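Observations on the three-dimensional arrangement
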Amino acid sequence: MKLIVLGKYGTFPAAGGACSGYLIENNGRYLLIDCGNGVLSRLQHICRIEDLEAIVLSHLHDDHAGDLRILKYAVETKLAFGTMRHRVKVYMPSSPERAARDLDYPQAFDISYVNEKTELELAGLHLRFCPMRHSIETYAISLEAGAKKLVYSADTTFHEGLIRFAAGADVLLCEATLAEAGDVPIPHMTALEAGETARLAGVERLLLTHLWCDEDAERCLLTARTVFEQSEEVMELQEYVI
Ligand SMILES: [Zn+2]
């Protein structure tokens, strides 16, 4: 499978950047994980909206789901023009209720709700979900194809559950909002904690993402490498083969 990073920023994007969005390509089939602001534009560099088999959201914060509010117009219009035949399948948490209700747009989306027991077969991949510790209902997502395994942390604080869920992954795509903890408590991980998670989980490779745009990315990377050498920082529109 291939991971194409469409947006790497958390909270809001840097100039010219985009928030969380990860396109997975597996044997010519496409699956989008998270759809933050700026992702819809980036997606169309790689594939058509019509080509998406489904969208899976880790949680309903707008830096992970905001572009669905624009995508609904695209899908609704394409269906009306006959250039698209099916609504887009969307898998997402059912809370917060108000955010879920706002995204429930049956003219464009065929929505199913996920929880920690959900297992899905999409784009030739097996998906599982693990609850994370964030300010709202949030799931890390495991994607497996044959012997290959990619785990995406979504947004979370450092905890044992993610280490267990990521155990033995080929790639851990992990949030690292700041290099190190500051004075302001935030429901996110530092680059040091991401590195520690990768080390304890015994993964092959750590990809740091969900960066705070004012943070020094180089400092994040060097901090993660102090505990896990195989750390890299993701680049937008770059492809990673897993
Ligand atoms: Zn976020």
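The structure displayed is predicted, hence computed values, not measured ones.

The rules behind each value
- Residues numbered from 1 in each chain as written.
- Predicted model: local features only at pLDDT ≥ 70, side-chain atom pairs only at ≥ 80, totals over all residues.
- Heavy atoms only, no water.
- 1 Å grid on protein atoms, 1.4 Å probe; cavity = no way out; pocket = protein on both sides within 12 Å on 5 of 7 lines; lining within 4 Å.
- Points joined across faces, edges and corners; volume = space filled by probe spheres on them.
- Helix = DSSP H or I, 4+ residues; strand = E, 2+ residues; numbered from the N terminus.
- Nonpolar A, V, L, I, M, F, W, Y, C, P; charged D, E, K, R; others polar.
- Donors = N, O, S within 2.8 Å, 3.2 Å for Na, K, Ca; no water.
- Tetrahedral: all angles 85-135°; square planar, octahedral: opposite > 155°, others 65-115°.
- Buried < 20%, exposed > 50% of the residue type's maximum accessible area, 1.4 Å probe, protein only.
- Core = buried A, V, L, I, M, F, W, Y, C linked by side-chain atoms within 4.5 Å.
- Contact = heavy atoms within 4.5 Å.

1. Notes on the layout of surface pockets
Looking at the largest pocket, its volume works out to about 160 Å³. As for the largest pocket, its lining consists of Ile49, Glu50, Leu52, Glu53, Met84, Arg85, His86, Arg87, Val88 and Lys89. Secondary-structure elements contributing two or more residues to the lining of the largest pocket are strand S4 (52–56) and strand S5 (88–92). For the lining of the largest pocket, the residue count by class is four nonpolar, one polar and five charged.

2. Section: the coordination of the zinc ion
In ideal tetrahedral geometry, four donors around a metal make angles of 109.5 degrees, whereas ideal octahedral geometry with six donors gives angles of 90 or 180 degrees. Taken together, the protein ligands of the zinc ion are Asp63 (OD), His64 (NE2), Asp155 (OD) and His210 (NE2), with distances of 2.1 to 2.2 Å. One way to put it: the four donor atoms around the zinc ion meet at angles of 91 to 163°, and that makes the site irregular. Between the donor residues of the zinc ion, the gaps in sequence give the motif D-H-x90-D-x54-H. In this pair, histidine 64 is assigned in helix H2 (residues 62–65) and aspartate 155 in the loop between strand S10 (148–152) and helix H5 (160–165), connecting sequence segments 91 residues apart. Exposure remark for aspartate 155: the relative accessible area of 1% places this residue in the buried category.

3. Some words on the nonpolar core
By size, the foremost hydrophobic cluster in this structure holds 31 residues, and its most contacted members are Leu23, Ile55, Leu57, Leu68, Leu71, Val90 and Phe109. Broken down by secondary-structure element, the contributors of at least two residues to this core are strand S1 (2–7), strand S3 (29–33), helix H1 (39–43), S4, helix H3 (68–81), S5, helix H4 (97–103) and strand S6 (109–113). Ranked by residues supplied to this core, first place goes to H3 with four residues. When near neighbours in sequence (up to four residues on either side) are disregarded, leucine 68 contacts Cys35, Ile55, Leu57, Val90, Leu103 and Phe109. Ranked by size, the runner-up nonpolar core spans 30 residues in total, among them Leu3, Tyr22, Leu120 and Ala123.

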